[in-house]
Amino acid sequence: MLQGTADSAVSTGEDQMEGMADGREEADGQAAALAESDVVSRLPGVRALILRMTHDMHLTNDLTQDVLIAVVMAIREGRIRQPEALAAYMHQSARHIVYAANRKLQPVTLGELPEQETLWQDRQKTPLEQCEEDEVRRLARTVLAELPVQRDRDLLVGYYVDGVGKAELMQRLQLSADQFDKVIFRARTRMRDRLREKMQEARNGMEGLAPSALPTSARSRFE
Amino acid sequence: MISALDNHLLRAYLDGEMDEATAEAFEVLMIERPQLAELVDADTALQMGLKEALATPTAVSVAMPTTASTASASADAPAATAPPEPARQPHRPRRRLIPLLAAASLLLAAGVGLGRLWLPQPPDLVSTTLLSVDRMRGSVTDVPKLRLPTSGQIVLSVPVAARPGCAPRVRIVQPGATLQTTVTPDEYGFANLSLDATRLALGKTDIVVDCDTTQLALYQVEFVR
């Protein structure tokens with residue numbers, strides 16, 4: 001049974017956006033223009049957006065799965081007809097689903113999608129998805145420790161942990177805007193690289209395993 | 001490939017410098033381009049990871065090395081220098097606790113904030129008015145007029161002649177009230193007295209400098225608005 005939230009069902013099912021079809025009669029001809037793989041390939045962006053909004057990796061996983069279901073169903077029902085509109089549709093779906101989750105709306109049945117589990121499990125995971133929360137903490141600390149200057153470390157802690165504004169930090173640490181941006185950029189890039197390395201390690205570790213032995217962690221939060 | 005423009009947009013988005021419409025447009029672009037999403041993920045992971053890592057005292061000592069040498073050492077072998085992670089907690093119970101903890105934190109923060117508002121906080125700087133009793137600058141026959149503010153602190157600067165073996169005293173004599181204190185004149189021979197302007201009345205006032213029973217000086221001034 002595939003489910004979503006009431007809000008997502010309404011927003012993805014009734015709202016009309018540019019590029020979406022008005023009637024079901026157009027569905028057959030236009031659904032072919034969009035493949036479900038197009039949806040899957042855009043999930044990393046959806047996931048990044050949802051994580052940005054929720055700061056909860058497990059909830060992000062669940063809600064991203066909901067977006068996948070909602071959008072695939074919209075394609076099948078012909079409610080999206082142009083590939084150019086797909087990202088915007090997914091964006092709106094993601095936002096509605098997060099808002100609904102925040103309001104703790106009761107889930108309602110969206111419909112059946114038997115191959116959804118396959119779609120979800122076969123997708124290429126993002127580097128961050130490969131990490132557990134304690135691993136993310138360890139990587140973040142490593143990135144912080146790798147910054148050679150104490151001032152840069154203070155900047156990172158002030159910006160990311162204490163939530164101090166850019167202008168105040170620049171004044172406090174006597175940095176120009178350019179210097180500030182460079183430190184943040186360097187840290188962000190290093191974090192991305194660390195996450196990539198972690199993903200590569202995970203892949204290398206799994207290469208020797210038979211596919212049937214691979215763990216499958218993806219599951220619906222409504223199971 | 002991340003271009004300079006991409007980086008500019010990314011920075012503006014992550015710094016919250018975009019208006020809502022622009023931010024939404026960037027989010028759509030991010031959905032189209034996984035490379036951008038990867039950097040947004042890295043930023044979010046950095047924020048989440050550091051917040052959680054620095055929430056424990058053991059993490060702080062590692063994450064905030066006090067010298068460059070310790071930082072270099074950590075960079076060389078970060079995994080080795082990192083303290084062992086605490087045992088992972090089950091996610092679901094923790095998530096149920098988060099709203100309670102958040103609510104408690106908010107209440108606490110609000111209470112502390114209100115408490116700070118109610119408690120009198122000393123300001124960093126206080127503006128004062130300097131009133132100088134200096135007969136040298138006017139005619140000896142005129143009574144100098146000193147402009148007294150309606151409120152706030154004033155500093156009254158009074159010439160005090162030094163005399164060996166004597167602790168001079170300054171008295172401000174007004175009808176109905178006399179304010180007095182022992183003073184130590186500065187190297188220029190002035191005693192600077194701080195008091196609230198409301199303690200003084202308008203009109204002519206005698207400022208007496210004496211030592212024990214001996215009057216050393218008498219200055220007559222007039223406080224005016």
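Residues numbered from 1 in each chain as written. Chains lettered and ligands numbered in written order. Predicted model: local features only at pLDDT ≥ 70, side-chain atom pairs only at ≥ 80, totals over all residues. Heavy atoms only, no water.

This brings us to the overall build of chain B. Broken down by element type, chain B carries 7 helices and 8 strands. Scored against the burial criterion, the 225 residues of chain B give a buried share of 35%. For chain B, the proportion of contacts with a sequence separation of at least 24, taken over those separated by at least 6, is 57%. Element-wise, carbon and sulfur atoms account for 60% of the exposed surface of chain B, whose accessible area totals about 13,600 Å². (Helix = DSSP H or I, 4+ residues; strand = E, 2+ residues; numbered from the N terminus. Buried < 20%, exposed > 50% of the residue type's maximum accessible area, 1.4 Å probe, protein only. Contact = heavy atoms within 4.5 Å. Areas by Shrake-Rupley, 256 points an atom, 1.4 Å probe, with all protein chains shown as cover.)

What follows covers the overall build of chain A. On a plain count of helices and strands, chain A comes out with 11 helices and 2 strands. Looking at chain A as a whole, 52% of its 223 residues are labelled buried. Long-range contacts, defined here as pairs at least 24 residues apart, represent 77% of the contacts in chain A between residues at least 6 apart.

Residues and elements named next belong to chain A. Scored by pLDDT, chain A comes out at a mean of 77, with 71% of its residues at no less than 70. Confidence, read as mean pLDDT per element, is least for helix α1 (residues 6–14) in chain A (38) and greatest for helix α4 (residues 43–54) (94). Predicted confidence is poor over residues 1–31, with pLDDT under 50, and the contacts of this stretch with residues over four places away or in other chains come to 72 contacts. In this model residues 210–223 is a low-confidence stretch, pLDDT under 50, and it forms 20 contacts with partners more than four residues away in sequence or in other chains. (pLDDT = per-residue confidence, 0-100.)

A word on helix α1 (residues 4–14) of chain B. Taken as a whole, α1(B) has its buried residues at D6(B), L10(B), R11(B), A12(B), Y13(B) and L14(B). Directly beyond the C-terminal end of α1(B), a positive phi value near 70° is found at G16(B).

What follows is about the sheet that holds strand β2 (residues 145–147) of chain B. Strand pairing in a sheet takes place through backbone hydrogen bonds and is either antiparallel or parallel in direction. All names here are of chain B. Spatially, β2-β8-β7-β4-β5 is the arrangement adopted by the 5 strands of the open sheet, whose pairing is mixed. Of all the strands in the sheet, just β2 and β5 (177–182) have a single pairing partner and so form its edges. This sheet shows a mean twist of 30° between the axes of neighbouring strands, independent of strand direction. (Pairing = 2+ DSSP bridges. Axes fitted to C-alpha atoms, helices over the stretch in contact; angles between N-to-C directions.)

Facing 59 residues of chain A, the contacting portion of chain B comprises 52 residues. A buried area of about 5,200 Å², summed over both sides, lies between chain A and chain B, and 60% of it is on carbon and sulfur atoms. When the buried area of chain A at its contact with chain B is split by residue, R52(A), R141(A) and R188(A) rank highest and sum to 16% of it. Put simply, chain A and chain B have 9 salt bridges between them. One salt bridge in this structure joins K166(A) and E17(B), with 4.0 Å as the shortest N-O distance. With 12 residues, the single largest contributor to the side of chain A that touches chain B is helix α8 (residues 133–146) of chain A. (Buried area = accessible area lost by both parts, 1.4 Å probe. Salt bridge = Lys/Arg side-chain N within 4 Å of Asp/Glu carboxyl O.)

In this structure, R11(B) sits in helix α1. Considering only alpha carbons, one finds R11(B) and V40(B), 29 residues apart in sequence, at a separation of 9.5 Å. Each residue touching R11(B), except ones within four places of it in the same chain, is listed here: K166(A), D181(A), R188(A) and E17(B).

All names here are of chain A. Tallied over the entire structure, the rule returns 29 salt bridges over all chains. Put simply, D178 and K182 hold a salt bridge, and the shortest N to O gap is 3.5 Å. Remark: K182 and D178 occur in helix α11 (residues 177–206); sequence separation between them is 4 residues, near one turn of the helix. Look at D178 and you get partly exposed, because its relative accessible area is 47%.

So, on to the confidence of the model for chain B. Regions with low pLDDT should not have their predicted coordinates read in detail. Residue and element names in this part refer to chain B. Put simply, chain B has an average pLDDT of 72, and 65% of its residues get 70 or more. By mean pLDDT, helix α5 (residues 68–76) is the weakest element of chain B at 36, and helix α2 (residues 20–32) is the strongest at 93. The low-confidence segment residues 57–98 (pLDDT under 50) makes 52 contacts with residues lying over four places distant or belonging to another chain. The ipTM for the predicted assembly is 0.76, set against a pTM of 0.53.

Our focus in this paragraph is the sheet that holds strand β3 (residues 153–159) of chain B. Residue and element names in this part refer to chain B. Reading across the sheet, the 3 strands line up as β1-β3-β6 and stay open at both edges, with mixed pairing between neighbours. Single-partner strands in this sheet number two, and they are β1 (128–132) and β6 (190–196). Adjacent strand axes in the sheet meet at a mean angle of 25°, parallel and antiparallel pairs treated alike. In the sheet, β1 pairs with β3 via 5 bridges, with the strands oriented parallel.

Attention now goes to the environment of M73(A). Looking at the element boundaries, M73(A) is found in helix α5 (residues 57–76). In the structure, M73(A) is positioned 37 residues away from E36(A) in sequence and 9.5 Å away in space, judged by C-alpha atoms.

Residue and element names in this part refer to chain B. Inspection of the secondary structure assignment puts D210 in strand β7 (residues 203–211). Of note is the side chain of D210, whose polar atom sits 3.2 Å from the side chain of R171. Beyond its immediate sequence surroundings of up to four residues, D210 is in contact with P168, R169, R171, Q215 and L216. (Polar contact = N/O pair within 3.5 Å; in protein donor to acceptor, adjacent residues only side chain to side chain.)

Next up on the list: the packing of α4(A) against α5(A). Residues and elements named next belong to chain A. Relative to each other, α4 and α5 sit at 135°, their axes nearing to 9 Å. One way to sum up the angle between α4 and α5 is to call them oblique. The chirality of how α4 crosses α5 is right-handed. Facing L43, V46, R47, I50, L51 and T54 of α4, the residues of α5 in contact are M57, L59, T60, N61, L63, T64, V67 and L68. For the contact of α4 with α5, the residue count by class is 9 nonpolar, 4 polar and 1 charged. (Parallel < 35°, antiparallel > 145°, perpendicular 65-115°, else oblique. Left-handed = near helix turned anticlockwise from the far one by under 90°. Nonpolar A, V, L, I, M, F, W, Y, C, P; charged D, E, K, R; others polar.)

This next bit is on the pairing of β3(B). All names here are of chain B. For β3, a buried count of 6 out of 7 residues is recorded, marking the element as mostly surrounded by other parts of the structure. Where β3 and β6 come together, 7 bridges link them in antiparallel fashion. Each bridged residue has a counterpart across the sheet, and for Q153 the counterpart in β6 is D196.

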